[in-house]
Amino acid sequence: MSERYSRWTLATLAVVGILGPGIAHYYLNRAGYPLVADVVFVAGYLGVAFLLWHGWLRHVDIGAN
């Protein structure tokens, strides 16, 4: 695990990253902006997936020794 991020920080990022884009997508769709809602959803989800990879998974050695 990266020394720059604590477990609580990454867990919070995971929860916000799952709920945030979904809630934003819902409200933007209801407001009549379906294309913006889709872009926000995809960008939010991919952004959080990258940050979680960078914080947790990048340092894991899964290669054969």
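See the structure above.
Values in this document were obtained by computation on a predicted structure and should not be read as measured data.

Draft legend 1. Structural view of the packing of aromatic side chains. Tallying each qualifying case throughout the model produces three aromatic pairs. Centroid distance Tyr26 to Tyr27: 5.1 Å. Interplanar angle 75°. Geometry classified as edge-to-face. A centroid spacing of 5.7 Å and a plane angle of 35° characterise the contact between Phe50 and Trp53, whose relative ring orientation is tilted. Residue Phe50 and its partner Trp53 are both found in helix α2 (residues 34-57); the two are separated by three residues, about one turn of the helix. With relative accessibility at 40%, the residue Trp53 sits in the partly exposed group.

Calculation criteria
Residues numbered from 1 in each chain as written. Predicted model: local features only at pLDDT ≥ 70, side-chain atom pairs only at ≥ 80, totals over all residues. Heavy atoms only, no water. Phe/Tyr/Trp six-rings, centres within 6.5 Å; stacked < 30°, edge-to-face > 60°. Helix = DSSP H or I, 4+ residues; strand = E, 2+ residues; numbered from the N terminus. Buried < 20%, exposed > 50% of the residue type's maximum accessible area, 1.4 Å probe, protein only.

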